[in-house]
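So the chains spell out like this:
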Amino acid sequence: MGVNFWKIVDSVISQSDIVLMVIDARLPEQTRNSEIERKVKASGKTLITVINKADLVDKDLLEPYKKKFAPCVFVSAHKFYGMTLLRRMILRFAEVEPVTVGVVGYPNTGKSSVINALKGRGSAPTAPVSGYTKGKQNIKIDNKIKVIDTPGVLASDDNKLSEKLTITASSTQTKDPEGAVYELLVIHREPVLFYYGITDENQSEEDLLELIALKLNRKISGGHADTLTTAKIILKDWQQGKIQL
């Protein structure tokens, strides 16, 4: 997957006038890709960071990234927030029309949803499954903008991020739901516990998952906490945006 991933990325950068890197507002550092940033910079192309799902995060928490990831724009593809601003930014950096925009990003950051919202009606199919976009897709937004969508996949050599990024995948695709929830609790413990009404934060991630399971009355034989089922529920709630920061 690693070689194919970078082959696709290199091809998209080469064919594009502008590249959009879509990241998750709840995990901005974890879902950015510094190697893609480096490749785009080396190509001389403009990179716009699209911070999606911004409606799920307190605005004050996002403000520092406005400068750090500049040029960037905060959007919520689900609520069609920020799409006019994104379109204006694309055209501001465009040197030709129609401008070709490559869209890259990790699984479930919402790349296809951003494209759909930018177009204003369904164009790129979406699903909460990693790598749902099977290959490059050319999509006409309007007479001024056309887009190249790419699969949301991880390079196989991206070991540093792959473990944490399991929490961006759907609960049905994650091989280790419990491990993913442990990572989520490390990064966003307070909002997760608040959502499930857990007040005792000074425990291990393993114990907290058990507490949530018991809170949800998810048990296996013997009255023990069903942490696997509970982990899948938490990931689903996270993916659907129910847990807000």
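Note: the structure precedes this text.
These lines cover the structure that appears in this document, whether it is placed above or below. Worth saying up front: this structure is predicted, and the values here are computed from it rather than measured.

**Describing the overall build of the protein**
Along the backbone of the protein there are 9 helices and 6 strands. Considering only residue pairs separated by 6 or more positions, the protein has 61% of its internal contacts joining residues 24 or more positions apart.

**A word on the pairing of strand 6 (residues 145-149)**
Burial runs high along strand 6: 4 of the 5 residues are buried. In this sheet, strand 6 lies alongside strand 4 (residues 99-105) in parallel orientation, the contact comprising 5 bridges. Residue pairing in the sheet places Val-99 in a bridge with Ile-145 of strand 6. Relative to strand 6, strand 5 (residues 137-140) runs antiparallel, the two sharing 4 bridges. Bridging across to strand 6, Lys-140 finds its partner in Lys-146. Two successive antiparallel strands, strand 5 and strand 6, enclose a turn made up of 4 residues.

**Remarks on the sheet that holds strand 2 (residues 46-52)**
Pairing within the open sheet is mixed, and its 6 strands lie in the order 3-2-1-4-6-5. The two strands at the open ends of the sheet, each matched to only one other strand, are strand 3 (72-74) and strand 5. Each strand of the sheet is rotated relative to its neighbour by a mean of 25 degrees, with strand direction disregarded. On the sheet, helix 3 (residues 59-68) packs against strand 2 and strand 3 and is oriented at approximately 160 degrees with respect to strand 3.

**Section: the pairing of strand 1 (residues 18-24)**
Consecutive side chains along a regular strand alternate between the two faces of the sheet. The element strand 1 is extensively covered by neighbouring structure, given that 7 of its 7 residues are classed as buried. The alternating pattern of strand 1 places Ile-18, Leu-20, Val-22 and Asp-24 and Val-19, Met-21 and Ile-23 on opposite faces, both of which are buried. Two strands pair when backbone bridges link them, and strand 1 and strand 2 are joined in this way by 7 bridges, in the parallel orientation. Across the sheet, residue Met-21 finds its bridge partner in strand 2, namely Thr-49. The β-α-β motif built from strand 1, the intervening helix 2 (residues 34-43) and the parallel element strand 2 has right-handed crossover chirality. Sheet topology note: the strand 1/strand 4 ladder contains 5 bridges and is parallel. If you follow Val-22 over to strand 4, its bridge partner there is Gly-105.

**So, helix 8 (residues 205-215)**
Within helix 8, burial applies to Glu-205, Leu-208, Leu-209, Ile-212 and Ala-213. One face of helix 8 carries all of its buried residues, which in axial projection span an arc of 145 degrees. In this structure, the buried residues of helix 8 make contact with helix 7 (177-195) and helix 9 (227-239). Immediately downstream of helix 8, the backbone of Asn-217 shows phi near 60 degrees, a positive value.

**Considering unusual backbone geometry**
With an omega of -5 degrees, the peptide bond running from Ala-70 to Pro-71 counts as cis. Checked against the element boundaries, Pro-71 lands in the loop between helix 3 and strand 3. The step from Glu-97 to Pro-98 runs through a cis peptide bond, and the omega angle for that step is 0 degrees. You can see Pro-98 is positioned in the loop between helix 4 (83-93) and strand 4. One non-glycine residue, Lys-53, adopts positive backbone phi at about 65 degrees.

**What to know about the environment of Asp-17**
Residue placement: Asp-17 occurs in the loop between helix 1 (2-15) and strand 1. Between the C-alpha atoms of Asp-17 and Thr-100, which are 83 residues apart in sequence, the distance is 5.3 Å. Beyond its immediate stretch of four places on either side in the chain, Asp-17 contacts Lys-45, Thr-46, Val-96, Pro-98, Val-99 and Thr-100.

**Observations regarding the packing of helix 4 against helix 5 (residues 111-119)**
Contact geometry of helix 4 with helix 5 gives a least axis separation of 9 Å together with a crossing angle of 90 degrees. If you check the angle between helix 4 and helix 5, you find them roughly perpendicular. When helix 4 is examined against helix 5, the residues Met-83, Leu-86, Arg-87 and Ile-90 are found in contact with a partner set consisting of Val-114, Ala-117 and Leu-118. Broken down by class, the residue content of the contact of helix 4 with helix 5 amounts to 6 nonpolar, no polar and 1 charged.

**Some points on the pattern of salt bridges**
Enumeration over the complete set of coordinates arrives at 13 salt bridges. Put simply, Arg-32 and Glu-29 hold a salt bridge, and the shortest N to O gap is 3.4 Å. Classification of Glu-29 by relative accessible area gives partly exposed; the value is 31%. Close ionic contact of Lys-66 with Glu-63 constitutes a salt bridge, the shortest N to O distance being 3.5 Å. Taken together, the residues Lys-66 and Glu-63, both in helix 3 and 3 residues apart, mark about one turn of the helix. One continuous salt-bridge network, built from bridges that share partners, spans Glu-29, Arg-32, Glu-37 and Lys-68.

What counts and what doesn't
- Residues numbered from 1 in each chain as written.
- Predicted model: local features only at pLDDT ≥ 70, side-chain atom pairs only at ≥ 80, totals over all residues.
- Heavy atoms only, no water.
- Helix = DSSP H or I, 4+ residues; strand = E, 2+ residues; numbered from the N terminus.
- Contact = heavy atoms within 4.5 Å.
- Buried < 20%, exposed > 50% of the residue type's maximum accessible area, 1.4 Å probe, protein only.
- Pairing = 2+ DSSP bridges.
- Axes fitted to C-alpha atoms, helices over the stretch in contact; angles between N-to-C directions.
- Right-handed = clockwise from strand over helix to strand, strands pointing away.
- Arc of directions from axis to C-beta.
- Parallel < 35°, antiparallel > 145°, perpendicular 65-115°, else oblique.
- Nonpolar A, V, L, I, M, F, W, Y, C, P; charged D, E, K, R; others polar.
- Salt bridge = Lys/Arg side-chain N within 4 Å of Asp/Glu carboxyl O.

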